[in-house]
Amino acid sequence: MDKPKPLLSAGTKEHVYHCAKCGLCLEVCPVYRELLVESASPRGKVQLAKHIIEGNLDITRHMSEILFSQCLLCGSCVAACPSGVDQAALFSGLRWRATERHGIPLVKKLFFYVLAHKWIMSSSAWFGRWARKIFSGLKIEDHILLGNLSLAGVPPFNKTFFNDETPEVVSASGGRKGRVLYFHGCATNYVFADIGHSVVSVLSRMGLDVTVPKGQSCCGLPVFLSGDRKTSLKCMEENLTLFARDEFDAVIVDCATCGSALRKEYPHILRELRDLGEPIGADMIEKAELLASKVRDVSEFVAEHMHWLPEMEHRGPEVRVTYHDPCHLLKGQGVGSEPRKILRAIPGIKFVEMNEAGTCCGGGGEFQIEHGETSALITERKLGNIYDVQAEVVATGCPGCNITIGAHLDKTKGIQVMHPLQLLQRALPDKK
Ligand code: SF4
Ligand code: SF4
């Protein structure tokens with residue numbers, strides 16, 4: 001008889017035994033703070049994971065529901081745990097097993113397939129833009145709710161996709177100080193082209209040759225975290241071929257989730273799969289480690305090289321700006337002071353710190369669509385903190401947070417959501 005497949009690698013399993021049940025992870029968990037039930041707490045779910053691993057509990061549909069509906073995989077608990085328990089690795093691993101057992105809903109499966117295939121994604125984005133234009137007069141969007149998101153609040157797709165309208169190499173202005181690769185991710189490519197143009201413009205004006213590889217894929221993390229490991233492996237392989245290159249000084253990323261994927265998750269996921277007997281070659285793991293060592297979030301890179309920036313100018317009236325920390329940037333990559341350093345240095349910006357800037361906005365990718373009620377409670381808290389500081393602009397380094405916060409802000413208040421690099425670009429002198 002075949003031996004039963006291990007649920008998780010030995011290294012990941014081990015984490016359940018490191019939990020001291022101290023409860024320090026409870027107050028940082030956005031889901032627990034709203035639901036106040038132990039099964040929604042990181043500690044509770046670690047104990048459930050322990051019982052699953054030891055064979056006392058089965059991954060039933062109900063258990064699968066807990067793994068998906070009561071966790072945003074925000075990583076707050078991982079950052080707060082004094083015992084070094086990696087709850088996110090445990091929970092995402094068990095999600096994989098849950099989807100193996102119970103399947104992935106057809107709509108989700110289709111969505112992941114589209115994400116992983118560039119030409120289908122491009123055609124779908126083009127079709128989506130066309131459909132919104134055709135039906136815009138009918139105000140149908142106002143009535144289409146995707147969980148906690150109203151379609152009307154979601155920005156439209158770019159007219160032209162960022163990767164198509166950007167040259168493959170944008171040369172440094174002035175003397176060349178280095179060469180970087182730019183991983184722009186799906187959101188910049190299909191929705192936030194302006195952010196991509198700001199990133200390329202700022203980096204080139206800092207004296208960097210910026211290479212934007214054609215045909216880059218989705219980072220694969222949203223697909224992976226939803227349990228579809230096979231589809232996400234395709235994305236990983238494609239990106240490793242394009243970005244694991246020694247001849248560049250850094251791989252710059254403007255999306256918190258993509259950055260976290262390339263920097264932390266690729267090596268972890270590939271090692272985990274190899275340890276579970278999947279056919280992952282040593283060369284793939286080596287490439288993932290090389291890439292991880294090169295990845296820098298754009299705010300982090302710019303903050304480290306502020307002296308390369310041209311002198312900034314104060315333009316227009318003073319703007320009151322606050323900053324929201326994306327989970328995958330603050331907890332996933334330890335980047336928090338750097339975007340603030342940039343914002344504080346921009347002339348004409350009055351930086352105001354909001355309460356609980358480092359707590360989740362409630363988006364969590366598809367979490368807000370599938371678990372709208374819980375997501376709404378978390379987003380509500382974030383909006384309250386933004387209103388309290390009377391910000392005119394909320395800066396954030398994650399397109400997912402940008403969409404979630406932007407969609408729910410009270411439109412009458414006129415608050416904008418922007419990437420810190422967009423604010424920085426506005427303060428730079430025009431290119432000569
Ligand atoms: S903080 Fe860590 S050790 Fe404490 S209960 Fe949470 S998971 Fe367990
Ligand atoms: S990853 Fe975030 S949502 Fe999930 S248990 Fe940890 S703190 Fe809570």
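The coordinates are above.
A short tour of the structure in this document, coming up. All of these numbers come straight from a predicted model, not from anything done at the bench.

**As for the pattern of salt bridges**
Then step 1. By the definition in use, this model includes 17 salt bridges.
Then step 2. Here Lys234 makes a salt bridge to Glu238, at a shortest N to O gap of 2.8 Å. Here Glu238 and Lys234 lie together in helix α13 (residues 229-243), a separation of four residues that amounts to about one turn.
Then step 3. For Lys234, a relative accessible area of 28% puts it in the partly exposed group.
Then step 4. Of the charged contacts, one joins Arg340 and Asp325 as a salt bridge, the two residues approaching to 2.7 Å between their closest N and O atoms. With Arg340 in helix α18 (residues 337-345) and Asp325 in the loop between β8 (319-324) and α17 (327-333), this pair connects stretches of sequence that are 15 residues apart.
Then step 5. A relative accessible area of 3% means that Asp325 is categorised as buried.
Then step 6. What you see here is one network of salt bridges that share partners, running through Arg33, Glu34, Glu356 and Arg381.

**Focus on the packing of aromatic side chains**
Then step 1. Evaluation of the coordinates by the stated rule reveals three aromatic pairs.
Then step 2. Aromatic pair Phe183 and Phe243: ring centres 5.2 Å apart, planes at 70°, arrangement edge-to-face. On the criterion of sequence distance, the pair formed by Phe183 in strand β4 (residues 178-183) and Phe243 in helix α13 is long-range, its members being 60 residues apart.
Then step 3. Over the face of the ring belonging to Trp96 we find Arg97, whose NZ or CZ atom lies 4.0 Å from the ring centre.
Then step 4. Here Arg179 stacks its cationic end above the ring of Phe248, 4.5 Å away from the centre of that ring.

**Focus on the sheet that holds β4**
Sheet strands pair via backbone hydrogen bonds, and the direction of the pair is either parallel or antiparallel.
Then step 1. Taken together, five strands build an open sheet; the order of strands is β3-β5-β4-β6-β7 and the sheet is mixed. Only two strands of the sheet have a single partner each, and these edge strands are β3 (169-170) and β7 (295-297).
Then step 2. The pairing of strand β6 (residues 250-253) with β7 spans three bridges and is classified as parallel. Bridging across to β7, Ile252 finds its partner in Arg296.

**Some thoughts on the site of ligand 1**
Then step 1. Close contacts around ligand 1 come from Cys19, Ala20, Lys21, Cys22, Gly23, Leu24, Cys25, Arg43, Cys81, Pro82, Ser83 and Gln87, and that covers them all.
Then step 2. Among the residues making up the shell around ligand 1, the classes are represented as seven nonpolar, three polar and two charged.

**What about the packing of helix α4 (residues 61-69) against helix α6 (residues 87-102)?**
Then step 1. The interhelical angle for the contact between α4 and α6, taken along N-to-C directions, is 140°, at an axis separation of 10 Å. When the axes of α4 and α6 are compared, the pair comes out oblique. For the element pair α4 and α6, the recorded crossing hand is left-handed. In this structure, α4 uses Arg61, Ser64, Leu67 and Phe68 to contact α6, whose residues at the interface are Leu94, Arg95, Ala98, Thr99 and His102.

**With respect to the site of ligand 2**
Then step 1. As a structural note, the neighbourhood of ligand 2 is formed by 13 residues, with Cys29, Cys71, Leu72, Cys74 and Cys77 the closest of them.
Then step 2. Using a 2 Å cut-off from the grid points, one finds that ligand 2 occupies the largest cavity.

**So, the environment of Glu65**
Then step 1. Along the chain, Glu65 turns up in helix α4.
Then step 2. Taking relative accessible area as the criterion, Glu65 reaches 41% and is therefore assigned partly exposed.
Then step 3. Distance in space between the C-alpha atoms of Glu65 and Ala98 is 9.1 Å, their sequence separation being 33 residues.
Then step 4. The contact partners of Glu65, leaving out residues within four places of it in the chain, are Gln70 and His371.

Calculation rules
- Residues numbered from 1 in each chain as written.
- Chains lettered and ligands numbered in written order.
- Predicted model: local features only at pLDDT ≥ 70, side-chain atom pairs only at ≥ 80, totals over all residues.
- Heavy atoms only, no water.
- Salt bridge = Lys/Arg side-chain N within 4 Å of Asp/Glu carboxyl O.
- Helix = DSSP H or I, 4+ residues; strand = E, 2+ residues; numbered from the N terminus.
- Buried < 20%, exposed > 50% of the residue type's maximum accessible area, 1.4 Å probe, protein only.
- Phe/Tyr/Trp six-rings, centres within 6.5 Å; stacked < 30°, edge-to-face > 60°.
- Lys NZ or Arg CZ within 6 Å of the ring centre and 35° of its normal.
- Pairing = 2+ DSSP bridges.
- Near = heavy atom within 4 Å.
- Nonpolar A, V, L, I, M, F, W, Y, C, P; charged D, E, K, R; others polar.
- Axes fitted to C-alpha atoms, helices over the stretch in contact; angles between N-to-C directions.
- Parallel < 35°, antiparallel > 145°, perpendicular 65-115°, else oblique.
- Left-handed = near helix turned anticlockwise from the far one by under 90°.
- Contact = heavy atoms within 4.5 Å.
- 1 Å grid on protein atoms, 1.4 Å probe; cavity = no way out; pocket = protein on both sides within 12 Å on 5 of 7 lines; lining within 4 Å.
- Sits in = over half its atoms within 2 Å of the grid points.

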